[in-house]
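Each chain is listed here by its residues.
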Amino acid sequence: MANDTTAANGDRPTVRRTSMTQLKPKQLRPFDTAEVKILLLENVNETAVKAFQKQGYQVETYSKALVGDELIQKIRDVHVIGIRSKTKLTKQVLDQAHNLLAIGCFCIGTNQVDLQTAAKKGISVFNSPFSNSRSVAELVIGEIITLARQLSDRNMEMHQGVWNKVSNNCFEIRGKVLGIVGYGHIGSQLSVLAESMGMTVYFYDVLQIMPLGTAKQVDTLEKLLSIADFVSLHVPELEETKNMIGEREIMGYMKKGSYLLNNARGTVVHLPSLAKALQSGHLAGAAVDVYPKEPAANGPHFTDYPELLKCPNLILTPHIGGSTEEAQRMIGIEVSSALIKFINEGGSIGAVNFPEIDLRAISEGDDTARVLYIHQNIPGVLREINEIFGEHNVEKQYSDSKGDIAYVMADIAKVSQKDLEKLYHAITSTRANIKTRMLY
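Anyway, here's the lowdown on the structure attached to this text. The written sequence of each chain sets the order in which its residues are numbered from 1. Where local features are concerned, this predicted model is filtered to residues with pLDDT of at least 70; where side-chain atom pairs are given and counted, the filter is 80 or more; whole-chain, interface and lining totals use all residues. The side-chain figures draw on all heavy atoms in the structure; neither hydrogens nor water molecules are used.

Quick look at the packing of helix α1 (residues 46-54) against helix α12 (residues 325-345)
In step 1: Note on definitions: angles span 0 to 180 degrees between N-to-C directions of axes, and those axes are lines fitted to C-alpha atoms, for helices only across the stretch in contact. In DSSP terms, a helix is any run of H or I states spanning at least four residues, a strand is any run of E spanning at least two, and both are numbered starting from the N terminus. One can describe the packing of α1 onto α12 by two numbers: an axis separation of 7 Å at closest approach and a directional angle of 30°. Judged by the inter-axis angle, α1 sits roughly parallel to α12. Where α1 crosses over α12, the two elements pack in a sense that is right-handed. Here T47, A48, A51 and F52 of α1 lie close against α12, whose contacting residues are Q328, R329, G332, I333, S336, L339 and I340.
In step 2: Residue polarity is assigned by list, with Asp, Glu, Lys and Arg as charged and Ala, Val, Leu, Ile, Met, Phe, Trp, Tyr, Cys and Pro as nonpolar; anything else, Gly included, falls into the polar class. Looking at the contact of α1 with α12 residue by residue, the class counts come to 6 nonpolar, 4 polar and 1 charged. Comment on the angle field: the value is read as roughly parallel under 35 degrees, roughly antiparallel over 145, roughly perpendicular from 65 to 115, and oblique elsewhere. Less than a right angle of anticlockwise turn of the near helix away from the far helix marks a crossing as left-handed, whereas a clockwise turn marks it as right-handed. Any two residues whose heavy atoms approach within 4.5 Å are treated as being in contact.

Written out as structure tokens, the structure is:
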């Protein structure tokens, strides 16, 4: 719609165009593939299912994780697979995924996917690193209060018919020091919530970060551990963070009577050392939501850490930090949107194992095709591809690389069906080709 404006001299009105007059983006379709098939496992949120169905994709859903031959059989002919944390996409599985274009991890982590193998096969991997930040931060606040008041132990006693009204070693959290290890999206949100409840916040991070509120950054992990009443961990799973909190850190630096909370990754805390510190009374309590080894399905399968089960004032939860309706809905929207963008337009912004590039949309009515060329990152490839493009008008083009993988997006104007076939054959025949798609 345009806004009409009448000139002061009574002449014909001039037309002032607004953003609403812009042409709609062209709905692209694949040149060389059949209808897009989506496989969603582990009860991926309904928002994602509806988003894919709205695009006209074939969607198959399962409430559980698949393993072994069943997973291999299902993944063979799908274009996209959506998983959470329990499905393991190993090299063995990905070698059988002949049509797979992308993987959606409807969670924060991607360590359940062989990212290097996926990249080498031209399969982009998307996740949702921030959508559950608030849910995790709120859980930590709940755990801090529960630990400070020994609510977990009192609750279990009441269920056993024991009335045990005590105030000894039960505290308010107001005025206490919270030490946050890892001041990213979750850590910083936790910082704000904790301050609003009267806590003093210090944090340690390997990067220099602008604090929120009155939080203060300290130079070393040891310094943080020595001053905190509560220590909450929010770091990724890396070689550097494996067992970063063990007997040395707990017994040597954490204050006697302090509390440890791990809602990050299971490998960050050495659990036998934690159990020992709780049994000895050095730690007043702890909360653990993640474990080095976790059951693949719900049920009576939590049997790998018997030393934890007898510890006092210990909250054990089954990796539910991000398990809220709000978080899962946002994750479903974020990951499905990224996958749809990649399938329909080729944009890879947000991919964790892949060059992140995008081009502006092709306008509706343009006889322009989009070339999506995933290739090995070796010298001379761009010269080869541009020689192929040389006979055509390249309206826009973008290339980037990440490690051994490179990605080219190019819009070619005024191409016929015969041109598309010729371009596709020439590009897929190049020595570095991994995967090529053409949308028009």
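What to know about the packing of helix α13 (residues 381-389) against helix α14 (residues 417-428)
In step 1: At their nearest, the axes of α13 and α14 sit 10 Å apart, and the two run at 165° to each other. Our classification of the angle between α13 and α14 gives roughly antiparallel. The handedness of the crossing between α13 and α14 is right-handed. For the pair α13 and α14, the contacting residues are I385, I388 and F389 in the first and L423, A426 and I427 in the second.

Focus: the pairing of strand β17 (residues 405-413)
In step 1: Of all the 9 residues making up β17, 9 are buried; the element is thus mostly covered by neighbouring parts of the structure.
In step 2: Buried, partly exposed and exposed residues are distinguished by accessible area as a fraction of the type maximum, computed with a 1.4 Å probe on protein chains only: under 20%, between the cut-offs, and over 50%, respectively. Residues of β17 alternate between two faces, with I405, Y407, M409, D411 and A413 on one and A406, V408, A410 and I412 on the opposite face, all of them buried.
In step 3: Any two strands with at least two DSSP bridges between them are considered paired. Bridge count for strand β15 (residues 368-376) against β17 is 9 bridges, and the pairing is antiparallel. Of the residues in β17, the one forming a bridge with R370 is D411.

Considerations on the nonpolar core
One broad rule of soluble globular proteins: the nonpolar side chains tend to lie buried together.
In step 1: As used here, the term nonpolar core means buried Ala, Val, Leu, Ile, Met, Phe, Trp, Tyr and Cys residues forming a set that is joined through side-chain atoms within 4.5 Å. In this structure, V181, L233, I245, L260 and L274 are the most contacted members of the largest nonpolar core, which totals 32 residues.
In step 2: Mapped onto this core, the elements with two or more residues apiece are β8 (177-181), α8 (221-227), β11 (230-233), α10 (271-280) and β13 (283-288).
In step 3: The greatest single-element share of this core, amounting to 5 residues, is contributed by α10.
In step 4: Listed in part, the 31 residues of the second largest apolar core include V36, A102, F342 and I357.

Digging into the sheet that holds strand β4 (residues 58-61)
In step 1: Read from one edge of the open sheet, 5 strands run β4-β3-β5-β6-β7, paired in parallel fashion. Taken across any chain shown, the strands that pair with only one partner, and hence form the sheet edges, are β4 and β7 (124-126). Geometrically, the sheet is characterised by an average inter-axis angle of 15° between neighbouring strands, direction not taken into account.
In step 2: Relative to β7, strand β6 (residues 102-105) runs parallel, the two sharing 3 bridges. Pairing of I103 across the sheet is with V125, part of β7.
In step 3: In the packing of α1 onto the sheet, the strands contacted are β3 (37-40) and β4, and the crossing angle to β4 comes to about 155°.
In step 4: Here α12 sits on the sheet and contacts β3, β5 (80-83), β6 and β7; the angle it forms with β6, its principal contact strand, is near 170°.

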